Amino acid sequence: MQPFGRAWWTGIATGTILTTMIIAPRIATFVMLLLLLLAVIEHYARRGLPRHPPAFEAAFLVVVAFAGWAMLSALWSPAPWHSLLKPVFMVLIAVAVWFALRTVSTASRPFAHYFGEGAITGIAVGYLLVCFEIVTDQLITRTIMSAIPATHENISKHVTVDVHGTVTDVTNANLNRRMAILTWLLWPAIMLALHDPSRIRRWIALVTVIGGAGIILVFGSHQSSQIAILGGVVVYGLASINLPATRIALASVWSIAVVFALPIALMMSSANLHNADWLFKSARHRVVIWSTTAEEALKSPVLGVGADATRTAMHAAMKRSESEETLGRMMVGYANHAHNAYLQVWYELGAIGAALFLAIGLFALRVIARLKTALQPSAIALFVTTSLLIAFSYSIWQTWFIAALGFAIVVFGVAARKRADQIAHPGTADVPEKTTGSLVARRAKIAS
């Protein structure tokens, strides 16, 4: 591949954007909208190409149907604009992912190569920066904020400043978002590294990414990411041993998690887990929040209260309550969001929304089953990572959260394309494109 051409600069842009998105996760919203725009332009400029996926398949249609039901909930939601606009963004991200995957499928080999090289470089740099921040208590962030006070003026509740104006402490809120994005990018990054044509780059990337994930797992402050990484590793191992059985087991677990989310949450509180000393405090508080959400969801089990209306509806429910005292007495269960996507869907979108959400997971597993066998363990690990992240952390309607998942899927598509190119052109990825054809022809002649 020749450097300094258009493909090379596209790789530089890809790596820069990815690193920036990891450092500042909220810009993922803008990045995915920009990706949608660029992919639409590319489709218009290169019409008539045989792209993949060839049509807007069922897996994408069910996401749109889920978002459509969520938009409809604006009719009875106490926060109608939120219920209308957040699902619109979900539709845009689904369309962006579809367009981007089709673009990747028809990219020339140099462009596909540098897409992948830029992505793995950006992810590796992101892991290095975030891990440095973890082990130094966010030294880079504190130094920048101390030097430029304007960077923390609007987030004063997350920052501690001494009398000299030096930032001495920053909460883990943004660092946790960075870890969540890196957790999603873990499996696409490993695939990109494994299929990188440069042996040196391959091992540097693998050590950086796997070592970085290990630091997050051991020293990170985001328990949801730690659980997701561990779960992904375990299921990757199981899928490597027996793919069909792992897919069936995942479909069953997904179905149970969605269908029985309410009774499971209520049983956890009945089992007195919110008072269990062996659980860390945030986990015990989660049990309180989940049981409260489940109880409130049973008041509107079919339609729900409306998409992204949890904050408004919970505040109203708390005011109606005779007392704010809840399970555990010291912890309030009326939270701004459910900290669990399965409960959130039931509470906000009712049984109809839960049925559509169930379909999203099952159709995703169906898509994974159609991939090449060698790709499926990593795809399954990404599915499990996502399932666990949404089970314990952010609201499903946070735009950066939706966008980060979409971007991880696109990077996975780039990794799959890199693997296909490596198989089709073994040992030629580092050769300028104009000589590749003649080289392959000479090898075929020799072989014959």
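Residues numbered from 1 in each chain as written. Predicted model: local features only at pLDDT ≥ 70, side-chain atom pairs only at ≥ 80, totals over all residues. Heavy atoms only, no water.

### Looking at the packing of helix 4 (residues 80–106) against helix 16 (residues 399–424)
Okay, step 1: Two numbers describe how helix 4 lies on helix 16: the axes approach to 10 Å, and their chain directions differ by 15°. With respect to their mutual orientation, helix 4 and helix 16 come out roughly parallel. Remark: the crossing between helix 4 and helix 16 carries right-handed chirality. Mapping the contact onto sequence places K86, F89, M90, I93, V97, A100, L101, V104, S105 and T106 in helix 4 and T399, I402, A403, G406, I409, V410, G413, V414 and R417 in helix 16. (Axes fitted to C-alpha atoms, helices over the stretch in contact; angles between N-to-C directions. Helix = DSSP H or I, 4+ residues; strand = E, 2+ residues; numbered from the N terminus. Parallel < 35°, antiparallel > 145°, perpendicular 65-115°, else oblique. Left-handed = near helix turned anticlockwise from the far one by under 90°. Contact = heavy atoms within 4.5 Å.)

### Considering the packing of aromatic side chains
Okay, step 1: Evaluated as defined, the whole model comprises 18 aromatic pairs.
Okay, step 2: A ring pair is formed by W8 and W9, whose centres lie 4.7 Å apart and whose planes are at 85°; its orientation type is edge-to-face.
Okay, step 3: The exposure class assigned to W9 is partly exposed, which follows from its relative accessible area of 49%.
Okay, step 4: Between W184 and F401, the aromatic rings sit 4.8 Å apart at their centres with planes inclined by 50°, giving tilted as the arrangement. On the criterion of sequence distance, the pair formed by W184 in helix 7 (residues 173–194) and F401 in helix 16 is long-range, its members being 217 residues apart.
Okay, step 5: Under the relative-accessibility criterion, F401 is labelled buried at 3%.
Okay, step 6: The aromatic ring of Y44 is capped on one face by R47, whose charged end is 4.4 Å from the ring centroid. (Phe/Tyr/Trp six-rings, centres within 6.5 Å; stacked < 30°, edge-to-face > 60°. Buried < 20%, exposed > 50% of the residue type's maximum accessible area, 1.4 Å probe, protein only. Lys NZ or Arg CZ within 6 Å of the ring centre and 35° of its normal.)

### Re the side chain of D421
Okay, step 1: Its place among the elements puts D421 in helix 16.
Okay, step 2: Once you skip the residues sitting within four places of it in the chain, D421 turns out to touch R109 and A112.

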